[in-house]
Amino acid sequence: MATKDNYTGYFAGRTLVQQRGSIGGARSVFVKLQGNKNELVFPTFGGQIKNPFKGRAKLYAGDLCEYRTNDNGVKPEIFILKTYEVVSASGKTVKIVRDGYRHIPFVGDILGVAPETIGGAMTAATVVGVKATSDAWELTLDTTLTAAQGDVLVEADKAGEGAKMLVGNINTVCSCDYDMLYEPVAETNLTEENADYENARYFFTPCLGGLMYTHKMSPIPACIKALNTSKVNGWFKVGAWGNF
């Protein structure tokens, strides 16, 4: 019979979790207005991230999200908009920009070129290999994906033709950088019987609006740029306050 210590994963010693590491930089993305508090506004409560990165990665201040509630406006689930800028594409190989301020791809991601409109159809492929080079992530896909330099890849709800963007409604934004350091659960609707029940689940509260410098944000596909309500060039606004 297992002892209580063994059952809880007790280790009779010391564990070095991490010596040193870096998964991205930090930059001030929000526009600081003069004569205005420019405060970020948050909903009453947050929710669980339903599409966490599959490994160690980072969310950045200014990243866009969907705060998805039920018909009663409660029990929110959060979907983060992951974007990847294409450098080149040839057959089943796609290279995307790699630096300290970009989302990190993982094997198992389902990606496609962002459609012209949110909710539009696209073709999506599953990432089966990821290789880091000096200036790019080299993705190997399970099928050919038609993409060109400057295109933006986004997460899809399924692989193959007729897929849609996983994030279907941009209504919130990350207020700060978030380091995601732990192995996430593969299935977010957990029960005791799930094999990865002990793995990490991420919860946070995004803010309901923000005014950001576009060039400091993660890559934005054209269908998302069309939602920008800012009247100032180079600024991106999400939310329902002011006419900036």
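Quick caveat, the model's predicted, so the values are computed rather than measured. (Residues numbered from 1 in each chain as written. Predicted model: local features only at pLDDT ≥ 70, side-chain atom pairs only at ≥ 80, totals over all residues. Heavy atoms only, no water.)

1. Here's the deal with the overall build of the protein chain
Tallying secondary structure elements over the protein chain gives two helices and 16 strands in all. Here the contacts in the protein chain between residues at least 6 apart in sequence split such that 70% fall between residues at least 24 apart. Put simply, the protein chain shows about 13,800 Å² of open surface, and 49% of that area lies on carbon and sulfur atoms. (Helix = DSSP H or I, 4+ residues; strand = E, 2+ residues; numbered from the N terminus. Contact = heavy atoms within 4.5 Å. Areas by Shrake-Rupley, 256 points an atom, 1.4 Å probe, with all protein chains shown as cover.)

2. Some thoughts on unusual backbone geometry
The phi torsion at K75 lies on the positive side, around 55°, for a residue other than glycine. Mapping K75 onto the fold places it in the loop between β3 (64-68) and β4 (77-80). The exposed category is assigned to K75, whose relative accessible area is 68%. (Buried < 20%, exposed > 50% of the residue type's maximum accessible area, 1.4 Å probe, protein only.)

3. A short note on the sheet that holds strand β12 (residues 172-173)
Taken in spatial order, the five strands make up an open sheet running β12-β3-β4-β1-β14, and their pairing is mixed. On the outer flanks of this sheet lie β12 and β14 (203-204), each paired with one strand and no other. Where β3 lies against β4, four bridges are found, and the strand directions are antiparallel. If you follow C65 over to β4, its bridge partner there is I80. (Pairing = 2+ DSSP bridges.)

4. Section: the state of the cysteines
Across all of its chains, the model carries zero disulfides by this definition. Considering cysteine sulfurs only, C174 is the nearest to C207, which forms no disulfide, with 7.8 Å between them. (Disulfide = S-S within 2.5 Å.)

5. Remarks on the environment of D179
The topology assignment puts D179 in strand β13 (residues 178-180). Residue D179 is classed as partly exposed on the basis of its relative accessible area, which comes to 45%. Once the C-alpha coordinates of D179 and R56 are considered, the two residues, 123 residues apart in sequence, prove to be 7.9 Å apart.

6. Looking at the packing of aromatic side chains
Overall, the coordinates contain two aromatic pairs when judged by the stated rule. Just above the ring of F53 sits the side chain of K82; from NZ or CZ to the centre is 4.6 Å. Sitting above the plane of the W137 ring, R98 keeps its charged end 4.8 Å from the centroid. (Phe/Tyr/Trp six-rings, centres within 6.5 Å; stacked < 30°, edge-to-face > 60°. Lys NZ or Arg CZ within 6 Å of the ring centre and 35° of its normal.)

7. Examining the pairing of strand β5 (residues 83-90)
Bridge count for β5 against strand β10 (residues 152-155) is three bridges, and the pairing is antiparallel. By the bridge assignment for β10, T83 is matched with V154. Here four bridges tie β5 to strand β6 (residues 93-97), and the two strands are oriented antiparallel to one another. Bridge pairing in β6 places A89 opposite V94. The antiparallel hairpin formed by β5 and β6 contains two residues in its connecting segment, where G91 sits at a positive phi of about 60°.

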